[in-house]
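# A closer look at the structure
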Amino acid sequence: MSEITITLPDGSRQSVQAGTTPLDLARSISRRLADDALVARVNGQLVDLCQPIESDATLEILTLGNPEALEVYRHSTAHLLAAAVLDLFPGTRLGIGPATETGFFYDFYRDEPFTPEDLEKIEARMWELQRADLPYERKLTPKEEGLKKYAEMGENLKCELIEEKAGEVFSEYTLGPKFIDFCRGPHVPSTSKIKAFKLLSIAGAYWKGDERNRQGQRIYGTAFFTRKELEDYLRQLEEAKKRDHRKLGQELDLFSIQELAGPGLIFFHPKGATVRRILEDWMRDQCVARGYSLVYTPHIARSDLWKTSGHYGFYAENMFKRMELDDAEYQLKPMNCPFHILIYQDRLRSYRDLPVRLSELGTVYRYERSGVMHGLMRVRGFTQDDAHIFCTPEQIEDEVVNCLGFALDVLHTFGFEQYQAELSTWDGGASGKYDGTPEQWNLAENALKHACERLNMQIKVVPDEAAFYGPKIDVKLVDAIGRLWQLSTVQFDFTLPRRFNLEYIAEDGKPHQPLMVHRALYGSVERFFGILLEHYAGAFPVWLAPVQAVVLPITDRHLPYAQQVTRRLQEAGLRATLDDRKEKVNFKIREAQLQKVPYMLVVGDREAEAGTVSVRNRKHGDQGAKAVDVFIQEITQLIAAKSTAE
Ligand SMILES: [Zn+2]
Ligand SMILES: [Zn+2]
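Only a predicted model underlies this, so the values are computations on that prediction, with no experimental measurement involved.

### As for the packing of aromatic side chains
- The full count for this structure, using the stated rule, is 29 aromatic pairs.
- An angle of 80° between the planes, with centres 5.9 Å apart, marks the rings of Phe108 and Phe114 as edge-to-face.
- On the accessibility criterion, Phe108 (0% relative accessible area) is buried.
- Given a relative accessible area of 7%, Phe114 falls into the buried group.
- Judged by centre distance (4.4 Å) and plane angle (15°), the rings of Tyr522 and Phe528 are stacked.
- With a relative accessible area of 0%, Tyr522 lands in the buried category.
- When its relative accessible area of 0% is taken as the criterion, Phe528 is described as buried.

As structure tokens, this is what we get:
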């Protein structure tokens, strides 16, 4: 037996026999480490704890609680689910069972649908298997032998996967007597390591996400390292359900999706349109104040444009079908960039004209499969607050600082206190999959890094996650119930300037290629609207609220005074309405409260006589009588400050 050297994360080295497993090593370090160990990282790769190490390697043991082990932990819980299903429902066929951002799922194929009661039974069985501490055992199977075996078991879908993905020899994992699955691994060592999980729902899912394929039943669940984390998450889910923008959108009469018009196409009703107009006006005003030029561009263009931009090829799947017109073939735009490029290119640019910042609330159309659309969050037509910046290398860092500073202002303005920012970089050119020169990548990545330093932004660097055409920074916001939402993106592009031959005349009198940056801060206006709706749980701050105050006369007798008050509010520029229905005032208050109107102004004899209103706030309740002028002054100040207080 030969000796090998294992390097641990603290830099210490150990000489061990070849074939030692990470678990052996963990045991030799401490009993506690071995007990808590979930998975090992050997030479940067996650592997099972019992996988022998055959040559010199670096080794890290990931234990319970380590966020990097969570995906393996959740995927292992998916196996546990499948093993329980096979125990209870023999003959069920297996699809895939990956971890997701928030948990895991497994796809099953059987004729009978699973019921909510089945879900409870399955979960109970999972706990039994958990307590039995079954090992996740890995075995290697030659491809031909495996194909034969799965074919005999009737697992045709698995055969398809093995045909596509397996090498000459592939790994399989067993769990208990019935479950075996073709899987790359790794997994936690045994079921007792999984401490907290819950099955959540069942949904239909097509094999490989393609509606032409067989439909299976997808069981969703989630798993956490501790009971406490699981309970927090379940509470967040409950809260999210209450805030679901699709439900609130209907209750508050803000927007709809119309069956007759088609899925993924959004209709903003008057109240929703009011909020949207304010969002858009704010964005346009900010752009102008920050030196952007506003433009408008068409919604369709000849396919020739999309061929030049490259979208005709690599983006074809996301575009709507082509239209044959008399003179040529046309396509709906999935992006605004080529249009802004055409404006840039329409005249000769000198370095003195740069930076050119073109901004547009541009509506784009992208084809999404019918199964994946979701309220305002995933749609087929949406409006980006899109801008493209063309500049010189000397200007780029300041431009990025401006973009990111602008993005932070968006967060601040809408009351988001926390965010996360990620910088996606290239691989240094090793794979050859990235466009652009090393000089361009270095310049751009440095500009992004320096800009973050100048703004004091915490940033996480994700290597090798950039788009092929350039590095980017993504800003994600944290909403009122702790969820992360992708919001702003500042994205470099080395490809489009080359494809369109963009130029400017530099100080040396020669043509140079400008740098190009795409940036969207809301991302999609529709989606941002949805995020705000959920963040505020429908109670938009006063400056955004579609109706800021409603005047409620106690009886018909008070109608003339109520009308007079309403007029004064409206003349002061407030969005005020009068509820003159023949209903009891308490009923009207309840309704205004449900509609989340910030202020309810009750007027009766006393108020009419004194020239006051009795103010009721949706959050704080009764605030006493106030002179109309005083109320107007106070609310106007809140609006001007875009305050989230009231
Ligand atoms: Zn697996
Ligand atoms: Zn763009």
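Still more to cover.
### Regarding the coordination of the zinc ion (ligand 1)
- Around the zinc ion (ligand 1), the protein supplies His75 (NE2), His79 (NE2), Cys183 (SG) and His187 (NE2) as donor atoms, at distances of 1.9 to 2.1 Å.
- Positions of the donor residues of the zinc ion (ligand 1), expressed as sequence spacing, correspond to H-x3-H-x103-C-x3-H.

### Focus: a nonpolar patch on the surface
- Judged by side-chain polarity, Ile300, Met323 and Leu325 come together as a nonpolar surface patch covering roughly 210 Å² of accessible area.
- Note that Leu325 resides in the loop between β17 (323–324) and β18 (329–332).

### Some details on the domain arrangement of the chain
- Segmenting the chain into domains produces domain 1 (3–63), domain 2 (69–241), domain 3 (255–297 + 336–535) and domain 4 (549–640).
- Taking the mean C-alpha position of each, domain 2 and domain 3 sit 38 Å from one another.
- Taken together, the six residues of domain 2 in the interface contact five residues of domain 3.
- For the domain 2 and domain 3 pair, buried surface summed over both sides reaches about 470 Å², with 45% attributable to carbon and sulfur atoms.

### Description of the pairing of strand β31 (residues 612–617)
- In terms of burial, β31 is a largely internal element, five of the six residues being buried.
- Both strand β30 (residues 599–603) and β31 contribute to a ladder of four bridges, which runs antiparallel. Across the sheet, Val602 pairs through a bridge with Ser614, a residue of β31.
- Here β31 runs beside strand β32 (residues 621–627); their pairing, made up of five bridges, is antiparallel. Within the sheet, the bridge partner assigned to Thr612 lies in β32 and is Ala627.

The rules we used
Numbering of residues starts from 1 in every chain and runs along the sequence as written. Lettering of chains starts at A and numbering of ligands starts at 1, both following the order in which they are written. Selection of residues for local features in this predicted model requires a pLDDT of at least 70, selection of side-chain atom pairs for listing and counting requires 80 or more, and totals for whole chains, interfaces and linings are taken over all residues. For the side-chain quantities, the full set of heavy atoms in the structure was used; hydrogens and water were omitted. The aromatic pairing rule takes the rings of Phe, Tyr and Trp, using the six-membered ring of Trp, and pairs them if the centres are within 6.5 Å, calling planes under 30 degrees apart stacked, those over 60 edge-to-face and the rest tilted. Relative accessibility under 20% of the residue-type maximum defines a buried residue, over 50% an exposed one, and the middle range a partly exposed one, all with a 1.4 Å probe and only protein chains included. Counted as donors are N, O and S atoms no farther than 2.8 Å from the metal, or 3.2 Å for Na, K and Ca; water is not among the atoms, and sites may therefore look incomplete. Without a salt bridge and with relative accessible area above 30%, a residue can belong to a patch; like charges are then joined within 9 Å and nonpolar side chains (Val, Leu, Ile, Met, Phe, Trp, Tyr) within 5 Å. Only the protein chains shown count as cover for residues, with accessible areas throughout obtained via the Shrake-Rupley method and a probe of 1.4 Å. One side-chain nitrogen of Lys or Arg within 4 Å of one carboxyl oxygen of Asp or Glu is enough to make a salt bridge. Where helices and strands are cited, they refer to DSSP runs of H or I of at least four residues and of E of at least two residues respectively, numbered from the N terminus. Domain boundaries shown here were taken from an automatic or database domain assignment. We call two residues contacting when some pair of their heavy atoms lies within 4.5 Å. Buried area: the sum, over both parts, of the accessible surface (1.4 Å probe) that disappears when the two are put together. Any two strands between which DSSP finds at least two bridges are classified as paired.

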